[in-house]
Amino acid sequence: KQQVVTKTEYIVNGDFEGEAINYAEGNSANASIVSGQGVDGSRALKFTRASESTSPNPFVFFTPTGLDTTGTVEYTLSFKLRSTGAHWQGYIVENGATANWGAIGWEAASDTWTEYTYKFVTTTGTAQIGIQAVQGAGDIYIDDFSVAVIKETPVYIYTDGVGEFGRDGYGLKITDDTA
């Protein structure tokens, strides 16, 4: 038995290298895509919390398109983030109601790129995913932002002594190893 992994992506340009990504900002975040700051030295999304007393907290949010809102599809959110001093929290907004992600409800500042991965199910309306600077002061950089459905499908291989016959759920795959 083997696994075939498929990934359906719902964020366009989450590496900030090509066309415009669907993001917005709020509360004087001064968000922009900057060169030379990405994980691999290329581009990243940057926003700022200007001072410890900044209020309300600045944020950026992303709006994936085409999400299933029946509550039956599990999505994988992943991104890389580093900060020069501002602590941050992540949240999901559905129809204007905020639900903290619990395990990542709050993270201290770290100037080292750290990858975060979370699972969620959206049940109503349009989901937006937000990153908010909540304490301290400094810049927050985000790269490799992704919302995807990752599906693993088992593939069973059968041998009849002549060749292998695999059934992947979508048809019959035949491999002839007699040549």
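One can find the structure itself at the top, above this paragraph.
No experiment lies behind these values; they were computed from the predicted model shown.

Student: Hey, could you run me through the pattern of salt bridges in this one?
Tutor: As a working rule, side chains carrying opposite charge can pair if their charged atoms are close by. Enumeration over the complete set of coordinates arrives at four salt bridges. Residue Glu 9 pairs with Lys 7 through a salt bridge whose shortest N-O separation is 3.8 Å.

Student: Quick question: what am I supposed to make of the environment of Gly 26 here?
Tutor: Along the chain, Gly 26 falls in strand 2 (residues 23–26). With a relative accessible area of 12%, Gly 26 lands in the buried category. For the pair Gly 26 and Asn 57, spaced 31 residues apart in sequence, the C-alpha to C-alpha distance is 8.5 Å. Beyond its immediate chain neighbours, meaning those up to four positions away, Gly 26 contacts Pro 58 and Phe 59.

Student: I keep staring at the packing of aromatic side chains and nothing clicks. Help me out?
Tutor: Between two aromatic rings, the relevant description is the distance of the centres plus the angle of the planes. This model, assessed by the stated rule, comprises ten aromatic pairs. On the basis of an interplanar angle of 70° and a centroid distance of 5.8 Å, the ring pair of Phe 79 and Trp 88 is categorised as edge-to-face. Chaining the aromatic ring pairs together yields one cluster made of Phe 62, Phe 79, Trp 88, Tyr 116, Tyr 118 and Phe 145. The side chain of Arg 82 reaches across the aromatic face of Tyr 141, ending 4.2 Å from its centre.

Student: Explain the environment of Tyr 116 here, please?
Tutor: Mapped onto the secondary structure, Tyr 116 falls in strand 9 (residues 114–121). Excluding anything up to four places from it in sequence, Tyr 116 contacts Leu 77, Ser 78, Phe 79, Leu 81, Trp 88 and Glu 107.

Student: Please explain the nonpolar core as it appears in this structure.
Tutor: Nonpolar side chains in soluble globular proteins tend to end up buried together. Within the largest apolar cluster, 30 residues are counted, with the highest numbers of intra-cluster contacts made by Phe 47, Phe 62, Phe 79, Ile 142, Phe 145 and Val 147. Looking at this core, the elements with two or more residues in it are strand 4 (43–49), strand 5 (59–62), strand 6 (74–83), strand 7 (87–94), strand 9, strand 10 (127–135) and strand 11 (138–159). Here the element with the most residues in this core is strand 11; it accounts for five residues.

Definitions and limits used
- Residues numbered from 1 in each chain as written.
- Predicted model: local features only at pLDDT ≥ 70, side-chain atom pairs only at ≥ 80, totals over all residues.
- Heavy atoms only, no water.
- Salt bridge = Lys/Arg side-chain N within 4 Å of Asp/Glu carboxyl O.
- Helix = DSSP H or I, 4+ residues; strand = E, 2+ residues; numbered from the N terminus.
- Buried < 20%, exposed > 50% of the residue type's maximum accessible area, 1.4 Å probe, protein only.
- Contact = heavy atoms within 4.5 Å.
- Phe/Tyr/Trp six-rings, centres within 6.5 Å; stacked < 30°, edge-to-face > 60°.
- Lys NZ or Arg CZ within 6 Å of the ring centre and 35° of its normal.
- Core = buried A, V, L, I, M, F, W, Y, C linked by side-chain atoms within 4.5 Å.

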